[in-house]
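Single-letter residue listing:
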Amino acid sequence: MADLRTSYLGLDLRTPLVASASPLTGTTDGLRRLEDAGAAAVVLPSLFEEEVGEQGHELEQRPVAYLKLVEQAKAALSVPVIASLNGVSLGGWTRYAALLEQAGADALELNVYYVSSRPGLSGAEVELGYLDLVRSVRRALRIPLAVKVSPYFSSIINLAARLAEVGAGGLVLFNRFYQPDLDVEALEVVPRLELSTSAELRLPLRWIAILHGRVSASLAASTGVHTPEDAVKALLAGADVVMMTSALLRHGPGHVRTVEAGLRAWLERHGHQNVGEVRGRLSQRAVRDPAAYERANYLRMLASHPAPADG
């Protein structure tokens, strides 16, 4: 039987399949169901900066419920529990990070969800804000730190390397921004939640393939992992783990078991003993045509599309 063991953030995992933040990871019942289905680690829902702001910044007014969830998760599960903070300002994040560590979290995922709408704020300034935040949180922790980033940077590979330098032990690619919609009758901006599809995996695949072997941080594929084939693709690109949210909301916790069985079957069918044998085999540094991950790929795709018929 193929060995699916892997390492993420220095944590030894039974498989590369991680249940990322969702309503399923927000309760001890949901967490137990995910572990029973085979999730090798779980990421708790984020503690949002807006929640902290509403409850005050004083330590005595901290969100006790979230800390209790961390404690309950650690008591109920045998797999690693990764807490999550969602914010962009320094504020009290270093203090909250330390509290999450004290509550028993095995690692922390810093979910930097920021859309800049200030014309006077340059891209370089935005990146410096990310780096300052990660550096500050890293200094407050002894446990591993991952950073979930967006794809909207002019040089992702440069930012990734700098994040690793200031203390990010892992990079989660990518943060899936939920885009607002417009209600044309009520004339209001409204939120619309749409679950991801496998097609959305292509963006993280490209950047994981480019980053593999070039940054010291662990790489996690997030957004678009739904099938065993998706998990295989992420590993071939160079991911250490794959994270699932939409697939589990759509199919339930038991879907982890389906993806694990399919991943193991693919490895055995292709004669591989473990996931380490395939990790990064199709990364940019490993393929015969590295430009396939760059502009040449774009040109070939355009040329390959059939012309529409007249009519």
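Reference entry: report on the structure contained in this document. (Residues numbered from 1 in each chain as written. Predicted model: local features only at pLDDT ≥ 70, side-chain atom pairs only at ≥ 80, totals over all residues. Heavy atoms only, no water.)

Re the overall build of the protein chain
(1) Moving on: Within the protein chain one finds eleven helices and 13 strands.
(2) Moving on: Counting every position in the protein chain, which comprises 311 residues, the buried fraction comes to 49%.
(3) Moving on: Taking all contacts inside the protein chain whose residues are at least 6 apart in sequence as the whole, residues at least 24 apart take part in 71%.
(4) Moving on: When the accessible area of the protein chain is evaluated, it comes to approximately 15400 Å², of which 52% is carbon and sulfur surface. (Helix = DSSP H or I, 4+ residues; strand = E, 2+ residues; numbered from the N terminus. Buried < 20%, exposed > 50% of the residue type's maximum accessible area, 1.4 Å probe, protein only. Contact = heavy atoms within 4.5 Å. Areas by Shrake-Rupley, 256 points an atom, 1.4 Å probe, with all protein chains shown as cover.)

Brief notes about the pairing of strand β12 (residues 218-222)
(1) Moving on: With five of five residues buried, β12 lies mostly within the body of the structure.
(2) Moving on: Side chains Ser218, Ala220 and Ser222 of β12 all project onto a buried face; the interleaved residues Leu219 and Ala221 project onto the opposite face, where all are buried too.
(3) Moving on: For strand β9 (residues 170-173) and β12, the ladder comprises four bridges, and the chain directions are parallel. Of the residues in β12, the one forming a bridge with Val172 is Ala220.
(4) Moving on: Sheet topology note: the β12/strand β13 (residues 241-244) ladder contains three bridges and is parallel. Considered in β13, the bridge of Ala221 is made with Val242.
(5) Moving on: Following the backbone out of β12, through helix α8 (residues 228-237) and into the adjacent parallel β13, one traces a crossover that is right-handed. (Pairing = 2+ DSSP bridges. Right-handed = clockwise from strand over helix to strand, strands pointing away.)

Concerning the nonpolar core
Soluble globular proteins tend to pack their nonpolar side chains together in the buried interior.
(1) Moving on: The biggest cluster of nonpolar side chains holds 75 residues, and the ones touching the most others in it are Leu85, Leu108, Val137, Leu163 and Leu171.
(2) Moving on: Apart from the residues within four sequence positions on either side, Leu85 is in contact with Ser46, Leu47, Trp93, Tyr96, Ala97, Leu100, Leu108, Glu109, Leu110 and Asn111.
(3) Moving on: One finds Leu11, Val43, Val172 and Ala220 within the second-largest nonpolar core, a separate group that totals 15 residues. (Core = buried A, V, L, I, M, F, W, Y, C linked by side-chain atoms within 4.5 Å.)

Overview of unusual backbone geometry
(1) Moving on: The omega torsion across Leu173 and Phe174 is 10°, close enough to zero to call that bond cis.
(2) Moving on: At Leu9, a position not held by glycine, the phi torsion is positive, near 60°.
(3) Moving on: Within the secondary structure, Leu9 is located in the loop between β1 (6-8) and β2 (11-13).
(4) Moving on: The phi dihedral of Thr223 is positive, around 90°, even though this residue is not glycine.
(5) Moving on: By the element assignment, Thr223 lies in the loop between β12 and α8.
(6) Moving on: Overall, the relative accessible area of 14% leaves Thr223 in the buried class.

As for α8
(1) Moving on: Of all ten residues that make up α8, eight are buried, and the element is covered over most of its length.
(2) Moving on: Looking at α8, one finds that the buried residues are Pro228, Asp230, Ala231, Val232, Ala234, Leu235, Leu236 and Ala237.
(3) Moving on: Where α8 is buried, its residues touch β3 (17-19), α7 (202-211), β12, β13 and α10 (255-269).
(4) Moving on: With its phi angle positive at about 130°, Gly238 sits one or two positions after the end of α8.

Comments concerning the packing of helix α5 (residues 123-139) against helix α6 (residues 156-165)
(1) Moving on: In contact at an axis separation of 10 Å, α5 and α6 are set at 25° when each is read in the N-to-C sense. As far as their axial angle goes, α6 and α5 are roughly parallel. Like other packed secondary-structure pairs, α5 and α6 cross with a definite hand, here right-handed. Contact residues: α5 offers Glu127, Leu128, Tyr130, Leu131 and Val134, while α6 offers Asn158, Leu159, Arg162 and Leu163. (Axes fitted to C-alpha atoms, helices over the stretch in contact; angles between N-to-C directions. Parallel < 35°, antiparallel > 145°, perpendicular 65-115°, else oblique. Left-handed = near helix turned anticlockwise from the far one by under 90°.)

Examining the pattern of salt bridges
(1) Moving on: Within the structure shown, the criterion is met by ten salt bridges.
(2) Moving on: For the salt bridge of Arg162 with Glu127, the shortest nitrogen-to-oxygen distance reads 3.7 Å. Here the residue Arg162 occupies a position in helix α6, and Glu127 occupies one in helix α5, the gap between them amounting to 35 residues.
(3) Moving on: Taking relative accessible area as the criterion, Arg162 reaches 28% and is therefore assigned partly exposed.
(4) Moving on: When its relative accessible area of 10% is taken as the criterion, Glu127 is described as buried. (Salt bridge = Lys/Arg side-chain N within 4 Å of Asp/Glu carboxyl O.)

Quick notes on the pairing of strand β7 (residues 107-111)
When a strand is regular, its side chains alternate between the sheet's two faces.
(1) Moving on: Most of β7 sits out of view: five of its five residues are buried.
(2) Moving on: Both faces of β7 are covered, namely the face carrying Ala107, Glu109 and Asn111 and the face carrying Leu108 and Leu110.
(3) Moving on: Of the strand pairs in this sheet, strand β6 (residues 81-86) and β7 are connected by five bridges, and their pairing is parallel. Note that in β7 the partner of Leu85 across the bridge is Leu110.
(4) Moving on: Where β7 and strand β8 (residues 145-149) come together, four bridges link them in parallel fashion. When the bridges of β8 are listed, Asn111 appears paired with Lys148.
(5) Moving on: Note on the crossover from β7 through α5 to β8: the handedness is right-handed.

Such coordinate-based values are descriptive only and should not be taken to indicate function.
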